[in-house]
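Below, each chain spelled out in residue letters.
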Amino acid sequence: MLTLEYCRQLDAVDPLAGMKQQFALPDNTIYLDGNSLGARPKSASARAQAVVEQEWQQDLISSWNKNQWWNLPLNIGNKVAQVVGAKEGEVAITDTTSTNLFKVLATALRIQSEASSERKIIIAEREAFPTDLYIIQGMSEWLNQGYQLQLISGPEELQAALNEQVAAVVLSHVNYRTGYLWPMQDTTAAIHAHGGLVIWDLCHSIGAVDIDLNGADADFAIGCTYKYLNGGPGAPAMVWVPAKHVNRCAQPLSGWWGHAQPFEMATDYAPAAGIRRYLSGTQPITSLALVECGIDVHLQADMPKIRAKSLAMTDLFIALVEQECANHPLEMITPREHAVRGSHVSLKHEHGFAIIQALIARGVIGDYREPEVMRFGITPLYLSFEDVWHAVQHLKDILDNKTWDTPEFHRRGEVT
Ligand SMILES: *Cc1c(COP(=O)(O)O)cnc(C)c1O
């Protein structure tokens, strides 16, 4: 029998318990949506104020040099590199995950087409976050060279689909809906065995799961900084291209920020060496600067500790739901096995949407994804084991008393 007392004991010996102090959260809130929009590091306010009132207002144009604005995408990239197993100079923070996928997919297809004209298949997951599928569809149709998107579900279907016609495979390291975690090293090796290139979308794993891109010999990676990395709403995304690929070709969004000599104002494009060529145009400096606040907090805690706490908390959440809500028709779609579980737990219920609204009304913030999926994100840096206890008690109470069943909790806003 799990008790509140037991949860408090886990908090008492939690090596990351003090990290919560570095985040600003509203009072009376248990925030289980950090996998969608991470909480604000306290340091972000002062940083935002310094960027706006000192660097922009006082230093004006000199900030490009004086305040390192020009190098910010690569300087912060070097910090993010440390949580994904990348080397210095391999990561840039720029644009969005969607745009970065476009760039690396184009590169992967170019590299493959130079070796063989036979590779025309792009594999992705049927359950992928839709923007990834839309970008692949957009690129295939726009290129008009016979590229075909083939959808698969899970490792067995992937294995069956791999052959000498496959150019690239785009996989979400952690699935946004189920929380399934692909084994990165083995999957990469299986794709390479057939000559394919892999693009890992790290949106739901970066900052929550140990990642070793170079150790896995991966080809490309992209991912959000506004989820588990707490970079702020709409913060620019990461893109990783390792030394083995980065200088093989230019990417197609060949803007001046990726030019070898941007201030020569030359007529012809010449790509910069290294990851800088993955920049396109002028960066959103105010929001980019705040990404550093999030990654700086992460670098104070080591990833194995974050991962260990994440697994302990998702274990606790699952066990408490089973103990407290056993008489309700909840179906867990998140894998139980640690090796293939990310950092959120998803429960299906016919009235999932209304139940989530009822939880939010009590300050327990999770979210809802079609169809019928209630998603509870576990962010080890600012959640306690006691928070997990209280969240499940609220869920139990809402289910037991059917408090979700009112018109107000069935109404849908534009964003769900
Ligand atoms: C959140 C998320 C995105 C978001 O992409 P944006 O370009 O930032 O809108 C993309 N892919 C996955 C897997 C995600 O979870």
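Residues numbered from 1 in each chain as written. Predicted model: local features only at pLDDT ≥ 70, side-chain atom pairs only at ≥ 80, totals over all residues. Heavy atoms only, no water.

Focus: the sheet that holds strand E4 (residues 91-94)
Right, on to step 1. Ordered by their spatial adjacency, 7 strands build an open sheet running E4-E10-E9-E8-E7-E5-E6, and the pairing between neighbours is mixed. Of all the strands in the sheet, the pair left with one neighbour each is E4 and strand E6 (148-152). When strand polarity is set aside, the average angle formed by the axes of neighbouring strands in this sheet is 20°.
Right, on to step 2. Bridging between strand E8 (residues 197-201) and strand E9 (residues 220-223) involves 3 bridges; their strand directions are parallel. The residue of E9 that forms the bridge with Trp-200 is Ala-221.
Right, on to step 3. Along the sheet face, helix H6 (residues 130-143) touches strand E5 (121-125), E6, strand E7 (166-172) and E8 and points at about 165° away from the line of E5. (Pairing = 2+ DSSP bridges. Helix = DSSP H or I, 4+ residues; strand = E, 2+ residues; numbered from the N terminus. Axes fitted to C-alpha atoms, helices over the stretch in contact; angles between N-to-C directions. Contact = heavy atoms within 4.5 Å.)

Some details on the packing of helix H5 (residues 97-115) against H6
Right, on to step 1. It is the contact of H5 with H6, at a shortest axis distance of 10 Å, that shows an interaxial angle of 45°. Between H5 and H6, the angle falls in the class oblique. Of the two possible hands of crossing, H5 and H6 adopt the one that is right-handed. On H6, the residues touching Ser-98, Leu-101, Phe-102, Leu-105, Ala-106 and Leu-109 of H5 are Thr-131, Asp-132, Ile-135, Ile-136, Met-139 and Leu-143.
Right, on to step 2. Split by residue class, the contact of H5 with H6 holds 9 nonpolar, 2 polar and 1 charged. (Parallel < 35°, antiparallel > 145°, perpendicular 65-115°, else oblique. Left-handed = near helix turned anticlockwise from the far one by under 90°. Nonpolar A, V, L, I, M, F, W, Y, C, P; charged D, E, K, R; others polar.)

Remarks on the UniProt feature "binding site: pyridoxal 5'-phosphate" (unreviewed entry) in the chain
Right, on to step 1. On the UniProt side, "binding site: pyridoxal 5'-phosphate" (unreviewed entry) is annotated at positions that read Thr-97, Ser-98, Phe-129, Pro-130, Thr-131, Asp-132, Asp-201, His-204, Tyr-226, Trp-256 and Thr-282 here. Taken together, the annotated residues stretch across 186 residues and extend over separate regions, lying up to 30.7 Å apart by C-alpha.
Right, on to step 2. For Asp-201, the position within the fold is in strand E8.
Right, on to step 3. Residue classification places Asp-201 among the buried residues on the basis of a relative accessible area of 3%.
Right, on to step 4. If we skip the residues at most four places from it in the chain, Asp-201 touches Thr-97, Asp-132, Leu-171, Ser-172, His-173 and Ile-222.
Right, on to step 5. Within the fold, His-204 resides in the loop between E8 and E9. (UniProt positions renumbered as here; feature names shortened; annotations may be inferred. Buried < 20%, exposed > 50% of the residue type's maximum accessible area, 1.4 Å probe, protein only.)

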